[in-house]
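# Close look at the chain arrangement
Residue strings, one per chain:
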Amino acid sequence: EGETRVSRFCLIGRELDRKIVEDLFSKCKTEALRFKLGDEVQVNVDDVYVPGKVDSIWDEGCVYRIKLDNPDEDGEFVWAPDDTEQYIKQREESISMEASM
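Values in this document were obtained by computation on a predicted structure and should not be read as measured data. (Residues numbered from 1 in each chain as written. Predicted model: local features only at pLDDT ≥ 70, side-chain atom pairs only at ≥ 80, totals over all residues. Heavy atoms only, no water.)

Summing up its helical and strand segments, the chain has 2 helices and 5 strands in all. Reading the secondary structure of the chain in the N-to-C direction produces α-β-β-β-β-β-α. Here the C-alpha atoms of the chain give a radius of gyration of 19 Å, more than 25% beyond the 13 Å that 2.2 N^0.38 yields for 101 residues. If one aligns the C-alpha atoms of the chain with their principal axes, the spans along those axes are about 55 × 35 × 35 Å. When the 101 residues of the chain are sorted by exposure, 21% land in the buried category. (Helix = DSSP H or I, 4+ residues; strand = E, 2+ residues; numbered from the N terminus. Rg over C-alpha atoms; globule rule 2.2 N^0.38 Å. Buried < 20%, exposed > 50% of the residue type's maximum accessible area, 1.4 Å probe, protein only.)

Pairing of strand E2 (residues 48-59) with strand E3 (residues 62-72) involves 6 bridges; the strand directions are antiparallel. Its bridge partner being in E3, Val54 is matched across the sheet by Ile66. Between the antiparallel neighbours E2 and E3 lie 2 residues, among them Glu60 with a positive phi of about 55°. Sheet topology places E3 next to strand E4 (residues 75-80); 5 bridges connect them, and they run antiparallel. Paired with Lys67 across the two strands is Phe77, which belongs to E4. (Pairing = 2+ DSSP bridges.)

Taken in spatial order, the 5 strands make up an open sheet running E4-E3-E2-E1-E5, and their pairing is antiparallel. Whereas interior strands pair on both sides, the edge strands pair on one side only; in this sheet they are E4 and strand E5 (88-90). Across the sheet, the mean angle from the axis of one strand to that of its neighbour is 45°, orientation sign disregarded. (Axes fitted to C-alpha atoms, helices over the stretch in contact; angles between N-to-C directions.)

Bringing the packing of aromatic side chains into the picture now. Following the criterion strictly, the structure yields 1 aromatic pair and no others. The interplanar angle of 65° and the centroid separation of 5.8 Å between the aromatic rings of Phe35 and Tyr64 together place this pair among those described as edge-to-face. Highlighted residues: Phe35 in the loop between helix H1 (18-26) and strand E1 (40-45) and Tyr64 in strand E3, separated in sequence by 29 residues. By the burial criterion, Phe35 is buried, and Tyr64 matches it. One residue, Lys89, lies across the ring of Tyr49, its end atom 4.0 Å from the ring centre. (Phe/Tyr/Trp six-rings, centres within 6.5 Å; stacked < 30°, edge-to-face > 60°. Lys NZ or Arg CZ within 6 Å of the ring centre and 35° of its normal.)

By secondary structure assignment, the location of Gln42 is in strand E1. The class of Gln42 is buried, set by a relative accessible area of 11%. Ignoring any residue separated from it by four or fewer positions in sequence, one finds Gln42 in contact with Tyr49, Val50, Pro51, Tyr87, Ile88, Lys89, Gln90, Arg91 and Glu92. (Contact = heavy atoms within 4.5 Å.)

Structure follows, in structure tokens:
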């Protein structure tokens, strides 16, 4: 408690090219995420976008876990492995409400 958390990578090897290693790691950085906890979204389930809410971020190796508004027999949660329109997008009602303001 009260300690500052620090994350570090330790690479073990001989004659590693520091520039190449740094370049490769920098390619792994993520951009700022589009959604936050509780945001109403549409998520792609079997090629159909269905409504839900962002329930967790960085869960089970996926960017988002979404709790479906209308769960089916497969369960109430689905995961978006990437923060792209292919998997998750802003809920259409939210867009139309913002446009009318």
